[in-house]
Amino acid sequence: MTRVYNFSAGPAILPEPVLKKAASELPEYGSTGMSVMEMSHRSKVYQEIFDRAETGLRGLLNIPSNYHVLFLQGGAHLQFDMVPLNLFAKNKKCDMIHTGTWTKRAKDAAEKFGTVNLVASSEDKNFSYIPKTDPSKFSADADYFYICSNNTIEGTRYAEFPDTGNVPLIADMSSEILSTPLDVNRFGLIFAGAQKNVGPAGVTIAIIRDELAGHALSVTPTMLDYRVHIKERSMYNTPPTYGIYMAMLVFDWIKEQGGLAAMEEKNKKKAAILYNFLDSSSLFKGTAAREDRSIMNIPFLTGSDELDSEFIKSAEKQGLLNLAGHRSVGGMRASIYNAMPSEGVSRLVDFMKKFETEHK
Ligand code: PMP
C-alpha cells in the first residue's frame, strides 16, 4: 500500500505506527481471545484500556486533580449544547469572542438557553484574524467566557488567551488539542472532537473543573449533564469503546515522540515550511493574519477559482489529498495535524512551486 498525504481537516491523518499497532491487535487484544470492539465496557480488561487512556491524556496535558476527564459522544456539536445547559448556572449569560463558523454554531446553540454577549468579532474581515479584546466590555456577571482556540476553517489561533478573571474560560480546542503544551488551569472547561489530533470520529473529550459541574439547568436531559458522566466515569451508558482504545494508542504515541513540547516544536517547523513559501509566492496567498496563524490548519488561495480547482485536482494525482478549503470558504486548506510528517508538507510545497512555475 502507498500511503497518501492526507491534508483533511477531520477525520484526519492518524500516526501510521498507531494504525499498525491497532491492526496487529484488531482480532485479538493481548491474549483475551477477542477484539477490543467485542469487549464489555464493564470488563476488567477494558477498564484497564480506559484507565490507560485517561492516565495518558492527564500525563500529556498535566491535568490537575480537580479536573475531570470525560470521553463522550455527539462531537463538538453536542458540546455547543452541553456547555450552556450545564454552565448557565447563575445569570444565564456568557461572553464570547466570535471568530468564525464554529463560534457561530456555539452562539446559536447557547442563545436557546440564555444571553450571549459578543465581546469581540472578526466578522468584518472574514474571520481572518483573532480580534483584540477590551476587558472593560467583559461582563463580570457572565456565567462563562467562550472561545474557539483554533479556528479550523479560517486558520487562526490565539497567540494569547484572554484574561477573564473569575469568569471561567471555556474553549473549543477540537483542532489544536495536543498540538502544543497547555496550562489547563487557565480554563474552566476544554472540549475537543477526537477526529483531528486524538483518534477516530465518535469520541469527544471534555476536561472540566470540578466546581463547574452539578449546576445544570433543570431541563437538561440526563445524558447531557456533565455531573452524570463524571459520577459514572464516562460509563453511564456504553462509551465509544474502540475510539477510546485508539485514543489511548495515540496518547502513547505522542508520549513516545517526547510529549507536547516536542510535538509543538515539530508542528511549528512543519507550519513554517508552508508559511515561508506562502509569504514568498507570487501565486499562492495565505488568508490568515500573520500574528494569528494556526499551526494546524493553513488556508490559502490563488485568487482564481479555476486555478484553485485545477491545483486541488493535480495535487490529488500526486498523492496530496483533501486540500480543498471548507465548502463555506473555498480555496485550499492544508491541515497538518500531529500525525502529518514533515515530508508531507515539503512534498506539498515542492508541488506548489512546480504549479506556480507552470502557471506564470
Ligand atoms: N469545532 C471545531 C473547532 C471544529 O473544527 C469542528 C469540526 N471540524 C467542530 C467544532 C464540529 O465538530 P463535530 O463535527 O465533531 O461536531
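Preceding this paragraph is the structure being described.
Owing to the predicted nature of the structure, the values given are computational and were not obtained by experimental measurement.

Caption draft 1: Geometry of the packing of helix α7 (residues 259–280) against helix α9 (residues 342–358). Between α7 and α9, the shortest axis-to-axis distance is 8 Å and the interhelical angle comes to 10°. Accordingly, the angle class assigned to the pair α7 and α9 is roughly parallel. Contacts from K270, I273, L274, F277 and L278 in α7 reach S342, V345, S346, L348, V349, M352, K353 and E356 in α9. For the contact of α7 with α9, the per-class residue count stands at eight nonpolar, two polar and three charged.

Caption draft 2: Representation of the nonpolar core. Core analysis: the biggest nonpolar cluster contains 57 residues, and L61, L178, I207, Y245 and F251 have the highest contact counts within it. Here this core takes eleven residues from helix α6 (residues 241–256), the largest share from any one element. Leaving out residues up to four positions away in the same chain, I207 has contacts with L57, L61, I63, Y67, H68, I177, V184, G188, L189 and I190. The next biggest cluster of nonpolar side chains, apart from the first, holds 30 residues, and it includes F284, M332, M340 and V349.

Caption draft 3: A look at the pattern of salt bridges. Under the defined criterion, the tally for this structure stands at 19 salt bridges. Here E16 and K20 are joined by a salt bridge, their closest N and O atoms 3.3 Å apart. Residue E16 and its partner K20 are located together in helix α1 (residues 16–25), separated by four residues, close to a single helical turn. R290 serves as the salt-bridge partner of D279, at 3.5 Å between the closest nitrogen and oxygen. Of this pair, D279 sits in helix α7 while R290 sits in the loop between β11 (285–286) and β12 (297–301), and the two are eleven residues apart along the sequence. Judged by its relative accessible area of 56%, R290 falls in the exposed class. Residues joined in a network through salt bridges with shared partners are D51, E54, R58 and R233.

Caption draft 4: Representation of the side chain of D143 within the structure. Mapping D143 onto the fold places it in the loop between β4 (115–121) and β5 (144–148). The buried charged residue D143 lacks any salt bridge partner; its closest oppositely charged side chain belongs to K90, at an N-O distance of 5.6 Å. A distance of 3.2 Å separates a polar atom in the side chain of D143 from the backbone nitrogen of K90. Not counting residues within four places of it along the chain, the set of residues in contact with D143 comprises L87, F88, A89, K90, N91, K92, K93, V167 and P168.

Rules behind the numbers
- Residues numbered from 1 in each chain as written.
- Predicted model: local features only at pLDDT ≥ 70, side-chain atom pairs only at ≥ 80, totals over all residues.
- Heavy atoms only, no water.
- Axes fitted to C-alpha atoms, helices over the stretch in contact; angles between N-to-C directions.
- Helix = DSSP H or I, 4+ residues; strand = E, 2+ residues; numbered from the N terminus.
- Parallel < 35°, antiparallel > 145°, perpendicular 65-115°, else oblique.
- Contact = heavy atoms within 4.5 Å.
- Nonpolar A, V, L, I, M, F, W, Y, C, P; charged D, E, K, R; others polar.
- Core = buried A, V, L, I, M, F, W, Y, C linked by side-chain atoms within 4.5 Å.
- Buried < 20%, exposed > 50% of the residue type's maximum accessible area, 1.4 Å probe, protein only.
- Salt bridge = Lys/Arg side-chain N within 4 Å of Asp/Glu carboxyl O.
- Lys, Arg positive; Asp, Glu negative; His and termini not counted.
- Polar contact = N/O pair within 3.5 Å; in protein donor to acceptor, adjacent residues only side chain to side chain.

None of the figures reported here should be taken as evidence of function without further support.
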